Amino acid sequence: MTDDVDLDARIARLDLESKVRLLTGATMFTLHDEESIGLGSMAFSDGPTGVRGLEFIGGDEVALLPNATLIASAWDEDLAHEVGQVLAEEAQRQRIHVVLGPTINLHRSPLGGRLFEAYSEDPLLTGRLAAAYVNGLQGNGVGACLKHLVANEAETERHTVNSVVDEATLRELYLLPFEIAVEDAHPWSIMAAYNDVNGVPATEQDAVNNDIVKGEWGWDGLLMSDWFATRSAGPAANGGLDLVMPGPEGPWGRALVAAVKDGEVAEAVVDDHLRRLLRLADRVGALDGAVTWPTGRPGPADPTRRAQLERIAARGMTVVRNDGSLPLNPDARVALIGRHATQTVDMGGGSAQVRPPHQVSIAEGLSARLDGVVVVDGVEVRSRPVAADLDAVSDPHDGRAGIHFTATDSDGAVLADRHVDDTTVSFGVDDGLPELPAVIRLEATVGGSGPRSIGVVGVGSWTLRIDGASHDVELGLASGDVAEALLTPPGWTTVVESDSPVRLVAERRSSGVSFGRLSVVGGPAPRPVADVLRDASAAASAADVAVVVVGLTDEQETEAADKETLALPGHQDELVSAVAATARRTVVVVNAATPVLMPWFDEVDAVLVAGIPGQEGGHAVASALLGVIEPSGRLVTSFPAADGASPAWDVVPVDGVLRYAEGSFMGYRGHHAGRAPEPALWFGHGLGYGSWDYADVAVSTGAGPGAGPGDGPGSDGAVVVTASVTNTSDRPSREVVQVYLEPDDVEQPVRLVGWSGVHVGAGATATVSVDCDARMWRRWDAATRGWAHLEGGATLLVARGLGDVRARLPLG
Ligand code: BGC
């Protein structure tokens, strides 16, 4: 480790042009090196549910962790720390210096497409888990990157939307996770968001970036832009942005040099950006070749890693209803029903995607544990085509699983002609080609028989030949988002009736889009809904218990798009009701990270929210259903009772503006204040497999007289709540004791101020003590533009979610 004097001496050796060159990335995910000052190139990788590596598509096989929401549902900082350690080991295997995570935007409107990547609607839970994750990563020498600073809670018009948030709300909710993570874990980097905040781009937010984060909080790390987010040279450089990503092109370079020469930007500002970059390099070992990459880290398919990922996933799964049907009796005859059972969704869409070695479906996981599971496919859950499974197609040139890829330039010269071991390819990024091809041809033989959906995914002008028939298809972008062609490309299919393999030749002409992904589509055509419901009911009535798996896919839970409803897609609600009407017992597993509507809730016997569980998902669900690992999760976001019945709902900007009009009454805070109807399920709800009595609930203040709710951060008057909890069930279980502060002042929302998890044996009692976080006793005073202590009386609620309050402790 070096000091600022040394860093400044290195900076002084560079001329302005050389300094500025270092402040824009070298490639999509790497930075420039500069041998003359001992700076090596640094590599960044998404993040946050795995370490994808330097390639967006087709990179190495890496571990796919459960998504952030599922990790958060364990309400366990040790588990979040362990996740950080796993990611550090994954990064070290691939020589990655910085992992682009955690995502700590809040679950504001449940419609937000990207909530799956973030932890919760609560800022304390989010901030504390983020700090643990960062400590797990950085404790192993790999940098973390908090993202996205700030007010980036929805995806619609994400590059231009202006989030309008009052100062108190910004401080008390949306900046708070960043503040907590900075204070408790000193992250080495932060990412500035795409959006504007109160009319100023996040990448130019002098008030947030310089005054608050670097100034008030004393943060000394590197602030990078989100990818392609930087819109200016002078205003961004002066507004606290240190690094433009990606490169090598970008709005800084010559323009920033000119801005310095013209006096718009002081050279000292450039020096400060570079000092922060060199400080990061020093921390991750990229200065003077200091890093020695540890070897022997377990691979993603290593049995110890697999068992670890299964445990992490199962721990956060949340039992939200149970009449005793769970855990499943291992001798029961089980009918397992639903598309999400056979094609379990293990990751969300967008930059968080990775390429795992496998994704265990629930059908595979449960069948590995129980004999005689009858698996019945469900109704369609997607409206857009997806890439074919690798084993469903073969390369017509050599018969191997995969497709044949040919690329030519505008003169017809061949740029590539090869077999691809995948059904998706990229263009313009990670394709290894010297230039953007004019024509790309994908060829495949789609195996199987009977009606099949065959087609392509990808932006462009296509000519498809399918078993001799020719189709001209124009697939354009739906939004102005440059990343759409990569993250959420459009597709087209036709149904082919044939009893033998079908030949597809798809030729795509360049479309003016400079990067994206293309896939071959080929799989069974959808069956009539009535047939599916009939088969499901028949299987359910012949079993002791029907397990129906429903959920969302990466059409809803994705970067770059928001949802329009919380209803399950397709005819999944009808499927559950049809099964519940005939089954002896019905257990529903929800394979989704974020709230869904459950109109059949009272018709079924048990519901397990399984989140998006990662590569070992099917095994984790099986362990949770059977009670091999207790699904001890508690919800991290309230489930509204209906579309719109949430304190913050709309995600579509009006004239470019998204108003956070609910202020700090967001999520459970707003439901509790009656600003939205009671939710179907409260934040904090979760039954686990235990049952609990609370006794001897008491509050003490750590320090002498005067200490208590009036105390602010840094004071020694922290509030501690103690409770005796007795596990009245016949199984060991984990309880999460949650403490909320309910101020008498109705202008101040209720808020989580602390929690503590404890494992208790069957019939045993434990004393739990919850250290409440003094930072939650603050309110932002808009008049003085500073923090003030909450005044007046308040009550502490000791609760299992605000729908199940076990004790009320009046304060002051
Ligand atoms: C996302 C970031 C991500 C970056 C790099 C952007 O589209 O918003 O979270 O880290 O891409 O892939």
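Residues numbered from 1 in each chain as written. Predicted model: local features only at pLDDT ≥ 70, side-chain atom pairs only at ≥ 80, totals over all residues. Heavy atoms only, no water.

Each regular strand displays side chains that alternate between the two surfaces of the sheet. Sheet topology note: the strand E18 (residues 460-466)/strand E19 (residues 469-475) ladder contains seven bridges and is antiparallel. Within E19, the residue paired with Gly-460 across the bridge is Leu-475. Remark: two residues form the turn of the hairpin made by E18 and E19, two consecutive strands paired antiparallel; Asp-467 in that turn has positive phi of roughly 50°. (Pairing = 2+ DSSP bridges. Helix = DSSP H or I, 4+ residues; strand = E, 2+ residues; numbered from the N terminus.)

A word on helix H16 (residues 529-541). Taking 1.5 Å of rise per residue, 13 residues should cover 18 Å, and H16 covers 18 Å from first to last C-alpha, within 8% of that figure. Residues of H16 that are buried: Val-532, Leu-533, Ala-536, Ser-537, Ala-539 and Ala-540. End-on, the buried residues of H16 take up no more than an arc of 165°, which puts them together on one face. With respect to the buried face of H16, the exposed residues turned more than 90 degrees away are Ala-530 and Arg-534. Turning to H16, the residues buried within the fold contact strand E10 (334-337), strand E11 (374-376), strand E23 (545-551) and helix H17 (572-582). (Expected span 1.5 Å × (residues − 1). Buried < 20%, exposed > 50% of the residue type's maximum accessible area, 1.4 Å probe, protein only. Arc of directions from axis to C-beta. Contact = heavy atoms within 4.5 Å.)

This part covers the nonpolar core. Of all hydrophobic cores here, the largest spans 159 residues; its most connected members are Phe-44, Met-224, Trp-227, Leu-277, Tyr-740 and Leu-796. The element that contributes the greatest number of residues to this core is helix H5 (residues 123-138), accounting for nine residues. If we skip the residues at most four places from it in the chain, Leu-277 touches Leu-22, Leu-23, Leu-31, Leu-39, Met-42, Leu-222 and Leu-243. Counting residues in hydrophobic clusters, the runner-up holds 34 residues, among them Leu-568, Val-588, Trp-600 and Val-609. (Core = buried A, V, L, I, M, F, W, Y, C linked by side-chain atoms within 4.5 Å.)

Going through the model one piece at a time under the given rule, you end up with nine aromatic pairs. Relative to Tyr-660, the ring of Tyr-174 has its centre 4.9 Å away and its plane inclined at 75°; by these criteria the two rings are edge-to-face. Of the two residues, Tyr-174 is situated in helix H6 (residues 167-174) and Tyr-660 in the loop between strand E26 (657-659) and helix H19 (668-672); the sequence distance between them amounts to 486 residues. Looking at Tyr-174, the relative accessible area reads 1%, which means it is buried. Relative to Trp-787, the ring of Trp-780 lies with its centre 5.2 Å away and its plane at 90°, an arrangement referred to as edge-to-face. Exposure remark for Trp-780: the relative accessible area of 6% places this residue in the buried category. For Trp-787, a relative accessible area of 25% gives the class partly exposed. (Phe/Tyr/Trp six-rings, centres within 6.5 Å; stacked < 30°, edge-to-face > 60°.)

One can read the domain layout of the chain as domain 1 (4-284), domain 2 (303-384 + 538-659), domain 3 (390-524) and domain 4 (690-811). Each of domain 1 and domain 4 was reduced to a C-alpha centroid, and the two centroids are 32 Å apart. Taken together, the contacts link 18 residues of domain 1 with 16 residues of domain 4. Carbon and sulfur atoms make up 55% of the surface buried where domain 1 meets domain 4, a total of about 1700 Å² over both sides. Across the pair Asp-184 and Arg-775 runs a salt bridge, and its minimum N-O distance is 2.9 Å. (Domains from an automatic or database assignment. Buried area = accessible area lost by both parts, 1.4 Å probe. Salt bridge = Lys/Arg side-chain N within 4 Å of Asp/Glu carboxyl O.)

What follows deals with the sheet that holds E26. The four strands are arranged E7-E6-E4-E26 in an open sheet whose pairing can be described as mixed. Unpaired on one side and paired on the other, strand E7 (200-201) and E26 mark the two borders of the sheet. Of the pairings in the sheet, the one linking strand E6 (residues 196-197) to E7 comprises two bridges and is antiparallel in character. When the bridges of E7 are listed, Val-197 appears paired with Val-200.

With antiparallel pairing, four strands are arranged side by side in an open sheet as E15-E22-E17-E20. Edge positions in the sheet fall to strand E15 (424-427) and strand E20 (491-496), since each has one partner strand and no second. On average, each strand axis in the sheet is inclined to that of its neighbour by 15°, with strand direction left out of account. Across four bridges, the pairing between E15 and strand E22 (residues 516-524) is antiparallel. Note that in E22 the partner of Phe-427 across the bridge is Gly-516. (Axes fitted to C-alpha atoms, helices over the stretch in contact; angles between N-to-C directions.)

Taken together, the neighbourhood of the ligand is formed by 13 residues, with Asp-46, Arg-114, His-148, Asp-226 and Glu-559 sitting nearest. One of the side-chain nitrogen or oxygen atoms of Tyr-194 is found 3.0 Å away from an oxygen atom of the ligand. Between Asp-226 and the ligand, the recorded distance is 2.6 Å, taken from a side-chain N or O atom to an oxygen atom. Protein coverage of the free-state accessible area of the ligand, which is 310 Å², stands at 96%. Each residue belonging to the shell around the ligand can be placed in one class, and the counts come to five nonpolar, two polar and six charged. (Near = heavy atom within 4 Å. Polar contact = N/O pair within 3.5 Å; in protein donor to acceptor, adjacent residues only side chain to side chain. Areas by Shrake-Rupley, 256 points an atom, 1.4 Å probe, with all protein chains shown as cover. Nonpolar A, V, L, I, M, F, W, Y, C, P; charged D, E, K, R; others polar.)

Looking now at the pattern of salt bridges. Side-chain pairing between opposite charges can occur once the charged atoms of the two side chains come close. Summed over all chains, the structure comprises 54 salt bridges. In this structure, Asp-602 engages Arg-321 in a salt bridge whose closest nitrogen and oxygen atoms are separated by 3.5 Å. In this pair, Asp-602 sits in the loop between strand E24 (586-591) and strand E25 (606-609) while Arg-321 sits in strand E9 (residues 318-322), placing the two residues 281 residues apart along the sequence. Accessibility expressed as a relative area gives 23% for Arg-321, which makes it partly exposed. Of the charged contacts, one joins Arg-333 and Asp-544 as a salt bridge, the two residues approaching to 2.9 Å between their closest N and O atoms. Residue Arg-333 is located in the loop between E9 and E10, and its partner Asp-544 is located in the loop between H16 and E23; the two are separated by 211 residues in the primary sequence.

Another point: the confidence of the model for the chain. Confidence in the prediction of the chain, expressed as mean pLDDT, is 96, and 98% of residues score 70 or more. Counting contacts from residues 703-716, a segment whose pLDDT is below 50, to residues more than four positions away or on other chains yields 24 contacts. (pLDDT = per-residue confidence, 0-100.)

Once that is clear, we can look at the packing of helix H4 (residues 77-93) against helix H12 (residues 303-316). Look at H4 against H12: their axes get within 11 Å of each other, and the N-to-C directions meet at 145°. As H4 packs across H12, the resulting crossing turns out to be left-handed. Two secondary-structure elements touch here, H4 through Leu-79, Glu-82, Val-83, Val-86 and Glu-89 and H12 through Arg-305, Gln-308, Arg-311, Ile-312 and Arg-315. Along the lines of polarity and charge, the residues of the contact of H4 with H12 split into four nonpolar, one polar and five charged. (Left-handed = near helix turned anticlockwise from the far one by under 90°.)

Two elements in contact, H5 and helix H7 (residues 176-185), have axes separated by 8 Å at closest approach and are oriented at 35°. Relative to H7, H5 is oriented so that their crossing is right-handed. Where H5 approaches H7, its residues Pro-123, Leu-124, Thr-126, Gly-127, Arg-128, Ala-130, Ala-131, Val-134, Asn-135 and Gln-138 are matched on the opposing element by Leu-176, Pro-177, Ile-180, Ala-181, Asp-184 and Ala-185. Here the residues of the contact of H5 with H7 are counted per class, giving ten nonpolar, four polar and two charged.

Bringing H4 into the picture now. What sets the pattern is the α-helix's 3.6 residues per turn: residues three or four places apart point alike. When the terminal C-alpha atoms of H4 are compared, their 25 Å separation across 17 residues agrees well with the 24 Å that a helix rising 1.5 Å per residue should span. Most of H4 sits out of view: twelve of its 17 residues are buried. Looking at H4, one finds that the buried residues are Leu-79, Ala-80, Glu-82, Val-83, Gly-84, Val-86, Leu-87, Ala-88, Glu-89, Glu-90, Ala-91 and Gln-92. The elements touched by buried residues of H4 are helix H3 (68-72), strand E2 (98-99), H5 and H12. Looking at the residues trailing H4, positive phi occurs at Arg-95, about 60°.

Quick look at the environment of Arg-751 now. Mapping Arg-751 onto the fold places it in strand E30 (residues 751-760). Once the C-alpha coordinates of Arg-751 and Glu-157 are considered, the two residues, 594 residues apart in sequence, prove to be 31 Å apart. If we ignore the near neighbours within four places in the chain, the residues touching Arg-751 are Tyr-668, Arg-669, Val-739, Tyr-740, Leu-741, Pro-743, Met-776, Arg-778 and Leu-790. Of note is the side chain of Arg-751, whose polar atom sits 2.9 Å from the backbone oxygen of Met-776.

This next bit is on the side chain of Gln-138. Considering the arrangement of structural elements, one finds Gln-138 in helix H5. A polar atom in the side chain of Gln-138 sits 3.2 Å from the backbone nitrogen of Ala-144. Not counting the four nearest positions on each side in its chain, Gln-138 is found in contact with Gly-143, Ala-144, Ala-185, His-186, Pro-187 and Trp-188.

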